[in-house]
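Coordinates in review
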Amino acid sequence: MTISKKIETIMASASFIRKMFEEGARLKAEHGAENVFDFSLGNPNLPPPPQFDEVVNKLMQDDRGGMMHGYMPQPGYPFVRDKVAAGVSREQGVQISGSEVIMTCGAAGALNVILKALLDPGDEVLSPAPCFVEYKFYADNHGGLFKTVGTRADFTLDIDAMADAIGSKTKVVLINSPHNPTGQIYNKESLDALGELLERKSRELGRTLYLISDEPYRKIVYDDVRVPSIFNSYKESIVATSYSKDLSLPGERIGFVAINPNASYSKDLIEGMTLTNRILGFVNAPALMQRAIAELQEESVDISIYEQRRKVFCEILDEAGLEYVMPKGAFYLFPKAPVADDVEFCRLLLEEKILAVPGRDFGTPGHIRLAFSVNEQVISAAADGFKRAVAKAKRECD
Ligand SMILES: Cc1ncc(COP(=O)(O)O)c(C=O)c1O
């Protein structure tokens, strides 16, 4: 075979998100895009803030002696790392310096840079379920074994379950807050409890356990909720994030790693990740985007638009009789399917031209994920379809 067995297996078990994408394209071609209600993808549909265009236009006038697009030090331009560090210090309430920041190709690039630097073959990466579908591939990319750990009914951290799951092979606990697919945000108490657990387990196991927090939705929060910093809860911690969601720049591949300034081996971590950024083939984060985001640290898309969509969507789910945990951030809802089989419920929704992703893709069957990164009109127009699909599902159960 041309393709490796591993990649062939992954391709054969293509995720439902992928399948929904293809099904959506077919339905849109057949019925017209305006008649299909596609909630399957977390692709932000708001334009970047107007300041982004202004900054990029200004940068394009400045050719820097032809060096505008050249290589730079692998962790990024020093002045950009300083600006990002100042932003992180303000946002997370922990003073960090530019030398603790590495610019990356999005949050996905950041996570791969971190995991490659940390994992030896067979090391375990634990993550609360449900979780972002790509984590298992990222861990596997670097010889890691990915395992999910149960959460409470409202998808908050279950510290006892995490304590049971940590074993002699565990190296990393990977969390994501605000959370895809549930919109949950972990509060300070639960992060402190997780930090204490990791400290105790590190002592018992005689090895450093790392906490990675994946935070691309940090600025997309509702009801004035604040996202606590993991740096205050556990010192062996690393943040991976990007500007994909809060500046609506997912295609530009710009993000960063921030290392806890109090981490025991921060110098090794920085040097290791500088190397992995290079040898993974990223080399460095995109030059123009680094310069752009340096000037946009305080900006974000208009979060009130997502908040309004959340309100409209929740009303529709309430009317349809679907149960859900109110998302505190990000732009996803993760309602319970009215039948045990989430794939079957997605099929019933598809009959109404509504595209959703079964919860089993995220490691939690019995739920569906709905992304509200689509216009409010699309959400409103799907209301009757949701009611009909739930009614059909209930008839099937009887
Ligand atoms: C939880 C989570 N982590 C990471 C990513 C990847 O983000 P980026 O596009 O910045 O690589 C996503 C994208 O949807 C995500 O939802």
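What counts and how
Residues numbered from 1 in each chain as written. Predicted model: local features only at pLDDT ≥ 70, side-chain atom pairs only at ≥ 80, totals over all residues. Heavy atoms only, no water. Helix = DSSP H or I, 4+ residues; strand = E, 2+ residues; numbered from the N terminus. Rg over C-alpha atoms; globule rule 2.2 N^0.38 Å. Buried < 20%, exposed > 50% of the residue type's maximum accessible area, 1.4 Å probe, protein only. Contact = heavy atoms within 4.5 Å. Areas by Shrake-Rupley, 256 points an atom, 1.4 Å probe, with all protein chains shown as cover. Patch = residues over 30% accessible without salt bridge, like charges linked within 9 Å, V, L, I, M, F, W, Y side chains within 5 Å. Salt bridge = Lys/Arg side-chain N within 4 Å of Asp/Glu carboxyl O. Phe/Tyr/Trp six-rings, centres within 6.5 Å; stacked < 30°, edge-to-face > 60°. Lys NZ or Arg CZ within 6 Å of the ring centre and 35° of its normal. 1 Å grid on protein atoms, 1.4 Å probe; cavity = no way out; pocket = protein on both sides within 12 Å on 5 of 7 lines; lining within 4 Å. Points joined across faces, edges and corners; volume = space filled by probe spheres on them. Nonpolar A, V, L, I, M, F, W, Y, C, P; charged D, E, K, R; others polar. Pairing = 2+ DSSP bridges.

Broken down by element type, the protein carries 14 helices and 12 strands. Relative to the globule expectation of 21 Å for 398 residues, the C-alpha radius of gyration of the protein, 21 Å, shows essentially globular dimensions. Each principal axis of the C-alpha distribution contributes one length, and for the protein these read about 60 × 55 × 55 Å. Of all 398 residues assigned to the protein, the portion counted as buried reaches 55%. Looking at the protein alone, contacts between residues at least 24 apart form 76% of all its contacts between residues at least 6 apart. Total accessible area computed for the protein in this model is approximately 17,000 Å², and 52% of it derives from carbon and sulfur atoms.

The subject of this paragraph is a nonpolar patch on the surface. Judged by side-chain polarity, Ile3, Ile7 and Met11 come together as a nonpolar surface patch covering roughly 260 Å² of accessible area. Inspection of the secondary structure assignment puts isoleucine 7 in helix H1 (residues 5–12). Judged by its relative accessible area of 40%, isoleucine 7 falls in the partly exposed class.

Let us now look at the packing of aromatic side chains. According to the stated counting rule, one finds 13 aromatic pairs in the structure shown. Ring geometry for phenylalanine 331 against tyrosine 332: centres 5.1 Å apart, planes inclined by 55 degrees, an arrangement best described as tilted. A single burial state applies to phenylalanine 331 and to tyrosine 332, both of which are buried. The interplanar angle of 90 degrees and the centroid separation of 6.1 Å between the aromatic rings of phenylalanine 334 and phenylalanine 362 together place this pair among those described as edge-to-face. Placement of the pair is phenylalanine 334 in the loop between strand S9 (332–333) and helix H12 (342–351) and phenylalanine 362 in the loop between strand S11 (357–358) and strand S12 (368–371), with a sequence separation of 28 residues. With respect to burial, phenylalanine 334 and phenylalanine 362 carry one shared label: buried. Taken together, Tyr217, Tyr306, Phe331 and Tyr332 form an aromatic cluster joined through their ring pairs. For the cation-ring pair, arginine 291 lies above tyrosine 77, with the distance from its terminal atom to the ring centre recorded as 4.4 Å.

The next point concerns empty space enclosed by the protein. If you walk through the whole model with that rule in mind, you get one cavity of 30 Å³ or more. When its volume is computed, the largest cavity comes out at roughly 40 Å³. Lining the largest cavity, in full, are Ile175, Ser177, Tyr186, Leu191, Ser213, Glu215, Val227, Pro228 and Ile230. Classifying every residue of the lining of the largest cavity by side-chain character gives six nonpolar, two polar and one charged.

Right, let's talk about the sheet that holds S12 for a bit. Strands pair in a sheet through their backbones, by hydrogen bonds, and they do so in one of two ways: parallel or antiparallel. The strand order across the open sheet built from three strands is S9-S12-S11, with neighbouring strands paired in antiparallel fashion. Two strands in the sheet have a free side with no partner beyond their single neighbour: S9 and S11. As defined by bridge partners, S11 adjoins S12 across two bridges and the pair is classed as antiparallel. What sits directly across from valine 357, in S12, is arginine 369.

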